[in-house]
Amino acid sequence: MKPKASDWYKKIWTLDIKNMSWVENTSNEVDYLIDLCKLKGTERILDLACGYGRHALEFARRGYEVVGIDITEIYIEDAKQSAKETGLTNASFLCSDIRDVAFYDEFDVVLNLADGAIGYLENEEENLKIFDIICRALKDGGQHVCDLVCGDYAEAHFPVKLWEAGEHAVSLSEFDWNPDTRIMMFGNQDFAYGETMSKPEITEGDPTRVYTLAEIKEIMEKRGMELIEAFAGYTKTPASQHDYQMLVHSRKRMAAEV
C-alpha cells in the first residue's frame with residue numbers, strides 16, 4: 001500500500017462516512033465517556049476533529065455545551081444544519097485547522113475521537129502541536145480522552161486486515177506499517193448488504209503517525225498532563241498490544257501540582 005500525499009487529511013472526507021458501520025455505536029460511546037469522566041451534565045466540551053459532529057451533537061442532546069472543530073467544510077455545514085434542525089443551541093461548530101484555534105483554560109473536557117486528527121499531520125513537529133492545543137484549551141483539572149490506533153498493537157501485528165460487521169454494511173480496514181518512521185498506512189472499504197461485492201483493492205493508505213501508550217504518556221507529562229488510564233477501545237479492558245484500538249484518559253494537573 002502506498003501512502004497518500006502529506007496533506008491527505010485536508011481532501012479525502014465525504015458525508016459517505018455516515019454510512020460506516022462504526023457510526024452506529026455513537027450513543028453507546030457517549031454513554032461510556034460520560035461514565036469514564038464522571039460527567040454531571042454541566043461541563044463544557046471541546047470536540048477536536050469532530051467530523052460531522054456525531055459525538056458533539058449527541059452530547060448536546062444530553063444538555064452539554066459543546067464546541068466542535070473540523071477542517072472539512074461539508075462536515076461543519078452538516079453539523080450546523082443538524083443542530084439547527086433539532087434546536088440544539090448548546091452546540092456550535094467551527095471550520096478550522098486544529099492548529100489555528102486559540103482556546104485558553106476554557107473547557108472541562110477535550111475529545112479527540114476516531115483518531116481526532118492525532119498523527120495525521122505532515123511531520124512530528126506538526127503532530128505534537130495538537131497536544132499543545134489540547135493542554136491550553138483545558139481548565140486546570142480538566143479531562144482529555146483520545147481514541148487511537150494502539151502503537152503497541154501496530155508493532156506486534158501490522159500489517160493486518162480487519163473486518164467489522166454493522167447493521168447496514170460490512171467494513172474492511174487494512175493497515176500497513178513502516179517500523180522505522182512509525183507511520184501507518186490505513187485504507188478502508190465498505191460493502192452495503194444486498195449489493196454485489198467485488199474483490200477489495202486498497203492501493204493507497206492514509207499515512208498516520210501511530211503512538212504507543214508510553215509515548216502518549218510522555219507527551220502528556222511534558223505538557224502538564226497526567227495519564228489516568230487506558231483501555232482497549234470503549235471497554236474496561238486495559239490497553240495492550242493485543243488490541244488495535246486504545247482509548248486514553250488524561251487529566252490536566254492543577255497549577256499547584258505542576
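Our subject in this report is the structure included herewith.

Cut-offs used in this document
- Residues numbered from 1 in each chain as written.
- Predicted model: local features only at pLDDT ≥ 70, side-chain atom pairs only at ≥ 80, totals over all residues.
- Heavy atoms only, no water.
- Helix = DSSP H or I, 4+ residues; strand = E, 2+ residues; numbered from the N terminus.
- Rg over C-alpha atoms; globule rule 2.2 N^0.38 Å.
- Buried < 20%, exposed > 50% of the residue type's maximum accessible area, 1.4 Å probe, protein only.
- Areas by Shrake-Rupley, 256 points an atom, 1.4 Å probe, with all protein chains shown as cover.
- Lys, Arg positive; Asp, Glu negative; His and termini not counted.
- Charge placed at Lys NZ, Arg CZ, Asp CG, Glu CD.
- Expected span 1.5 Å × (residues − 1).
- Polar contact = N/O pair within 3.5 Å; in protein donor to acceptor, adjacent residues only side chain to side chain.
- Pairing = 2+ DSSP bridges.
- Disulfide = S-S within 2.5 Å.
- Right-handed = clockwise from strand over helix to strand, strands pointing away.
- Axes fitted to C-alpha atoms, helices over the stretch in contact; angles between N-to-C directions.
- Contact = heavy atoms within 4.5 Å.
- Core = buried A, V, L, I, M, F, W, Y, C linked by side-chain atoms within 4.5 Å.
- Left-handed = near helix turned anticlockwise from the far one by under 90°.
- Nonpolar A, V, L, I, M, F, W, Y, C, P; charged D, E, K, R; others polar.

### What to know about the overall build of the protein chain
Along the protein chain, the regular secondary structure elements total 6 helices and 12 strands. Taken against the 2.2 N^0.38 rule, which gives 18 Å for 258 residues, the C-alpha radius of gyration of the protein chain at 18 Å falls within 12% of a compact globule. For the C-alpha atoms alone, the extent of the protein chain along its principal axes is close to 55 × 45 × 35 Å. Sorting the 258 residues of the protein chain into buried and exposed places 50% on the buried side. Summing over all exposed atoms, the protein chain offers an accessible surface of approximately 12,400 Å²; the carbon and sulfur share of this is 48%. Counting 28 positive and 47 negative side-chain charges, the protein chain places the centres of these two groups 3 Å from one another.

### Thoughts on helix H4 (residues 124-137)
Between its terminal C-alpha atoms H4 stretches 21 Å, which fits the 20 Å expected from 14 residues at 1.5 Å a residue. Along H4, the residues classified as buried are Glu 126, Asn 127, Ile 130, Phe 131, Ile 133, Ile 134, Cys 135 and Ala 137. Where H4 begins, one side-chain oxygen reaches toward the backbone nitrogen of Glu 125, 3.1 Å away; that side chain belongs to Asn 123.

### Side note on the sheet that holds strand E7 (residues 160-165)
Backbone hydrogen bonds hold the strands of a sheet together, and the pairing may be parallel or antiparallel. Within the open sheet, the 5 strands sit side by side as E1-E10-E9-E8-E7. Their pairing is mixed. Two strands bound the open sheet, and with one partner strand each, they are strand E1 (2-3) and E7. Of the pairings in the sheet, the one linking strand E8 (residues 169-178) to strand E9 (residues 183-192) comprises 10 bridges and is antiparallel in character. Opposite Val 170, over in E9, you have Phe 191 as the bridge partner.

### Remarks on the state of the cysteines
For the coordinates displayed, the defined rule picks out 0 disulfides. Cysteine Cys 95 shares no disulfide, and the gap to the nearest cysteine sulfur, in Cys 50, comes to 9.4 Å. No disulfide involves Cys 150; its sulfur sits 11 Å from that of Cys 146, the nearest cysteine. Of the residues examined, Cys 150 reaches a relative accessible area of 1% and is grouped as buried.

### A short note on the pairing of strand E5 (residues 107-112)
Most of E5 is tucked away, with 5 of its 6 residues classed as buried. As judged from the 3 bridges shared by strand E2 (residues 44-48) and E5, these two strands associate in the parallel manner. Looking at E5, one finds that Asp 47 is bridged to Leu 111. Taken together, the 5 bridges between E5 and strand E6 (residues 138-149) define a ladder with parallel strand orientation. Residue Phe 107 lies in a different strand from E6, and its bridge partner there is Leu 138. Once you follow E5 into H4 and on to E6, the crossover reads as right-handed.

### A closer look at the sheet that holds E6
On the basis of which strands lie adjacent, the open sheet formed by 7 strands has the order E4-E3-E2-E5-E6-E12-E11 and mixed pairing. Each having just a single partner strand, strand E4 (91-95) and strand E11 (225-231) make up the two edges of the open sheet. Pairs of neighbouring strands in the sheet enclose a mean axial angle of 15 degrees, with direction left out of account. Note: strand E3 (residues 65-70) against E4, 5 bridges, orientation parallel. What sits directly across from Val 66, in E4, is Ala 91. Those strands touched by helix H1 (residues 26-37) are E6, E11 and strand E12 (245-252), and its axis lies near 40 degrees from that of E12. The sheet contacts of helix H6 (residues 213-221) involve E6, E11 and E12, and relative to E11 the element is tilted by about 155 degrees.

### What to know about the nonpolar core
If you look at the biggest cluster of nonpolar residues, it comprises 43 residues, and the most contacted ones within it are Leu 46, Leu 48, Phe 103, Val 110, Phe 158 and Ile 216. If one sorts the elements of this core by residue count, H4 sits on top with 6 residues. Look past the residues within four positions of Leu 46 in its chain and what remains in contact with it is Val 67, Ile 69, Phe 103, Phe 107, Val 109, Val 110, Leu 111 and Ala 137. In terms of nonpolar packing, the next biggest core, distinct from the first, is built from 28 residues, Leu 33, Ile 45, Ile 76 and Ala 83 among them.

### With respect to the packing of H1 against helix H2 (residues 54-61)
Contact geometry of H1 with H2 gives a least axis separation of 10 Å together with a crossing angle of 65 degrees. By crossing handedness, the relation of H1 to H2 is classed as right-handed. For the pair H1 and H2, contact is made by Thr 26, Ser 27, Glu 29, Val 30, Leu 33 and Ile 34 and by Arg 54, His 55, Glu 58 and Phe 59, respectively. Of the residues contributing to the contact of H1 with H2, the split by class is 4 nonpolar, 3 polar and 3 charged.

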